[in-house]
Amino acid sequence: MLLPATDVIYYTTIMNNSGASAINTVRIGNTSSEGGTRAFSIEVGGGNCLPFHHFEGTIPHRPVIAWEIPDVRPDDWCDTVKGPYLDFLGDPLRWARCVVDEKGARLICLDLRGARPDRENRSAAQSVELLRSILKSVPVPLIIRGPGPGERQNGVLTACAEAAQGERCLLASAVAEEYKTIVAAAAAYGHLVVAETPIDVNLCKQLNILISDLHFPADRVVIDPLTGGLGYGLEYTYSVMERIRLQALSGDGMMQMPFINFVGPEVWKVKEVKVPEQKEPQWGSRAERGVLWEISTAVALLHAGADLLVMRHPEAIAVVERTIDGLMKKG
Amino acid sequence: MKLTGLQIFKLLPNKNCKECGFQTCLAFAMKLVAKQVRLDACPYVSDEAKAVLGAASAPPIRLVGIGTGEREVKVGEELVLFRHEKAFFHKTAIAVQVDDRLSGDALGARVREAADFSVERAGERLCIDLIAVKELSGEPERFVAAVARVREMCPLPLILISRNPACMRAGLKAAGGTRPLLWGADRDNADELAALAKEAGAPLVAAPGGSIDDLAQFAAELAGRGVDDIILAPSPAGAADRLAAFTLLRRRALSRAAPGTGYPTILSVPGGGYEGAAAAVGGICKYASIVVLETPSPWHYLPLLTLRQGIYTDPQKPLQVNPGVYRIGEAKPESPLLVTTNFSLTYYMVSSEIEASEIPSWLLVVDAEGQSVLTAWAAGKFNPEVIAKAVVAQGLDTRVPHTRLIIPGYVAMMSGDLEDKLPGWNIMVGPQESADIPVYLKEVWTRLGT
Ligand code: B12
Ligand code: SF4
């Protein structure tokens, strides 16, 4: 059977890609010479071929893992993933310092979930105060994740954007219903934005167009295609990423942003990582099964094109880093 | 060389006898182009036409069977590079490896664990497919003993791994007539292994080492010797190389451009632990027809089989269950009534938790076109109108006179509306995650009753 016509175009374009159609290179974090205070900046994207296809293209930057740091005690995390962080569960500053100093994190994702009205209902000022102290004592680039769509999101993210002016943080997330405020804040204070759409090629492109209509540069946008965890919609995310990436590589400029996947939050809520061995003896060790659940989700997404992965468990992160090492090693 | 509908039509008998199930030969030809029927549905095709059409319509990747009977494993016959183009069809077969130097007990335990693993997920039984027995001893007797032991213990088809023709001959004999996969033929043993495979009608792995061009050439040579069922074993140097080899083989097979590439593939994952599992994930995503886990732990099985299940579902058509009212346990009119959607995954997660609660219940499954709770809510397919309509259509006010309906926690926001739409009903908001249903039913429902 021959390939469907559209895909013939994809393949021929991709295989003869002379470098014209590449994913945008996005730089996160500004060093002092760039007007920020980060010790280094991180670049992702830039490849002109499918993930890890070194045999037919160039991939200048490896995918990067961001360590998720919740701003408040994550009492809802299951103990397998709380375990490694027991010493500083309610202390995001020490938490961030530890993963950077001791575990080698090069990127962290500060999750401002505590600002949600149905949670601790922390004020924008409290979020800013935390952000300031992290910026002061943790030198790595930052993803700042707001409390989620709604009015609170805009208030918190705008305040954080201002407080982190010039640091080139990645703000998460702009959504179709309400993207202007966040994009404006990112533009005004020199940051990047995540454009989030629910697992849909057209919605993804549409939001990217809307954002670019605001004259926000495309190389400061990262796509969140929305992540389903393993066994909970992962394959939908996987396929939508492949479709977006193929379209990007065949020349669609409104799809050429790198991907981010919030893996940790999707993985660590599912039943399979929580159920104890006594209840399901066949499933094997619960702790290891949970870590592997996060690894499997992340590695599958890497094969679909993930450029940034937000993850939780240190061991899962270490294994996925090594997997990336292997996939980045040219033959 | 793809034929158009008209070209195919010219090769058909033009009798318009309808025995193929279509009105005309032309209609049948169109279905052939679309691959919706098989050529043998027409009893009158000439041999010449068969030859022409057969070559053009044979799948680009051969379907290869391993084993016999109910547990036979079939791999190959894939049509696309990306699952969104159509679907992946023959699930990556998962094999667990033992070797003939293991003590009888260790071997037995490993086989037991693999063969007994069986979990139901989204209406499907997830199991290990194959046991691979590797010869490391160099002694035919030990290999025979290991193969015999495995056969005695479980009905799974086998992969026999040895480069040594004497051992392979002995192992094959011990496998009886079960058509194991023989792994494998290389440049040194090709004559003997090809002969063994032909004699036993068993599939053979081509594993000459070297580049994928060497591999394809070698496979074509095996085919030239009359071996029909071949599996390709690339020998990648690392993860990037593995991805390249499997991707290029799949591409070349689909384009039919390279002889010797139109076969399923096999990947052996050395090492256990997390790293081994991560490599297996890569294999499942990117084109391994069979993944052999050399030293798996039991906690590998569920995530890998779950991933495989997802990647191999039809992306155009989510798995669905029939809408309706399901009776779980010995539910009576006073038992709890819960509502969910007809997405298989959702239904099975919810129903299995209700079962686990041991509180007999009714589960109303509404037609949400196979979507999850929140997806269907966002798409307007699981909203107060739809649910109210289903409740009325099923006559639930008389079947469960308590008129209490438990809705998923994720759609708590619809409870007010739903109460308006269902006068006389009491809408209760259940937990968000199905895992919390047993506790909820025990605490909330049981308390209500007293
Ligand atoms: C996979 C997915 C899809 C797939 C669909 C898969 C399918 N067959 O349903 C696709 C890509 C098609 C899709 C499409 C859309 N999606 Co969608 N999708 C997801 C995703 C990633 C996972 C959903 C899933 O499979 N969950 C697993 C199942 C098992 O969960 P579940 O059904 O909720 O069941 C659980 C619980 O609810 C509970 N439960 C279930 N029943 C019951 C009953 C009772 C009584 C109780 C107590 C509990 C209970 O048990 C289960 C396990 O805990 C989620 C985001 C996420 N990460 O969760 C978004 C999500 C559901 N999608 C969303 C949206 C907006 C859409 C679209 C509308 C986007 C669009 N505009 O096109 C479309 C709608 C489809 C259409 N237009 O027809 C939103 C919904 C937002 C909202 N809150 O309303 C979500 C939450 C993403 C987001 N954050 O924006 N989606
Ligand atoms: S069975 Fe064959 S001959 Fe008869 S209508 Fe169908 S294609 Fe034509």
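Residues numbered from 1 in each chain as written. Chains lettered and ligands numbered in written order. Predicted model: local features only at pLDDT ≥ 70, side-chain atom pairs only at ≥ 80, totals over all residues. Heavy atoms only, no water.

## Topic: the overall build of chain B
Using the following cut-off: Under the scheme used here, helices are H or I runs from DSSP no shorter than 4 residues and strands are E runs no shorter than 2 residues, and both carry numbers assigned from the N terminus. Per-residue accessibility, obtained with a 1.4 Å probe over protein chains only, is compared with the maximum for each type, and a residue is labelled buried under 20%, exposed over 50%, and partly exposed between these values. Contact definition: two residues touch when any of their heavy atoms are within 4.5 Å. Neither His nor the chain ends contribute to the count of charged residues, in which Lys and Arg are positive and Asp and Glu negative. Lys charges are placed at NZ, Arg charges at CZ, Asp charges at CG and Glu charges at CD.
Within chain B, the regular secondary structure consists of 17 helices and 17 strands. Counting only C-alpha atoms and orienting by the principal axes, one finds that chain B spans roughly 80 × 65 × 40 Å. Counting all 450 residues of chain B, 54% fall into the buried class. Taking as baseline every contact in chain B between residues at least 6 positions apart, the subset at least 24 positions apart corresponds to 64%. Looking at charge distribution, chain B has the averaged site of its 47 positive side-chain charges lying 5 Å from that of its 50 negative ones.

## Observations concerning the packing of aromatic side chains
Both the distance between ring centres and the angle between the ring planes are used here to describe each pair of aromatic rings. What counts is decided by this rule: In summary, the pairing rule links any two rings of Phe, Tyr or Trp, Trp by its six-membered ring, whose centres are within 6.5 Å, and it sorts them by plane angle into stacked for under 30 degrees, edge-to-face for over 60 and tilted for everything else. As a reminder, the over-ring test applies to NZ of lysine and CZ of arginine, requiring each to be within 6 Å of the ring centre and within 35 degrees of the ring normal.
For the structure on display, the rule yields eleven aromatic pairs over all chains. Plain terms: the ring middles of Trp77(A) and Tyr85(A) are 6.4 Å apart, the flat faces sit at 70° to each other, and that makes the pair edge-to-face. Judged by centre distance (5.6 Å) and plane angle (55°), the rings of Phe88(B) and Tyr312(B) are tilted. Of this pair, Phe88(B) sits in the loop between strand 2 (73-75) and strand 3 (93-99) while Tyr312(B) sits in the loop between helix 11 (298-311) and strand 13 (324-328), and the two are 224 residues apart along the sequence. Aromatic rings pair up to connect Trp77(A), Tyr85(A), Phe88(A) and Trp95(A) into one cluster. Over the ring of Phe262(A) we find Arg145(A), and its NZ or CZ is 3.9 Å from the ring centre. Note that Lys15(B) overlies the ring of Tyr44(B), its terminal NZ or CZ placed 3.9 Å from the centroid.

## Quick word on the interface of chain A and chain B
Note the following rule: Throughout, the accessible surface (probe 1.4 Å) given up by two parts as they are put together, summed over both, is called the buried area. The working definition used for a salt bridge is a side-chain nitrogen of Lys or Arg within 4 Å of a carboxyl oxygen of Asp or Glu. Pairing of N or O atoms within 3.5 Å defines a polar contact, subject to two protein rules: one partner must be a possible hydrogen donor and the other a possible acceptor, and residues neighboring in sequence count only if both atoms are side-chain atoms. Here the term charged refers only to Asp, Glu, Lys and Arg, the term nonpolar to Ala, Val, Leu, Ile, Met, Phe, Trp, Tyr, Cys and Pro, and the term polar to all other amino acids, Gly among them.
Contact residues are listed per partner, giving 50 residues for chain A and 48 residues for chain B. Here chain A and chain B share an interface that buries about 4600 Å² over both sides, 66% of which is from carbon and sulfur atoms. For Lys271(A), the salt bridge identified is with Glu353(B), shortest N-O distance 2.3 Å. The tally of links from chain A across to chain B stands at 13 residue pairs in polar contact (both at pLDDT 80 or more). If you list the elements that add at least two residues to the side of chain A that touches chain B, you get helix 1 (5-15), helix 8 (234-249), helix 10 (271-274), helix 11 (286-304) and helix 12 (314-328) of chain A. Ranked by the residues each element gives to the side of chain A that touches chain B, the list is headed by helix 11 of chain A, at ten residues. Of the residues assigned to the side of chain A that touches chain B, the class counts are 25 nonpolar, eleven polar and 14 charged.

Remember that the coordinates give geometry; whether it matters functionally is a separate question.
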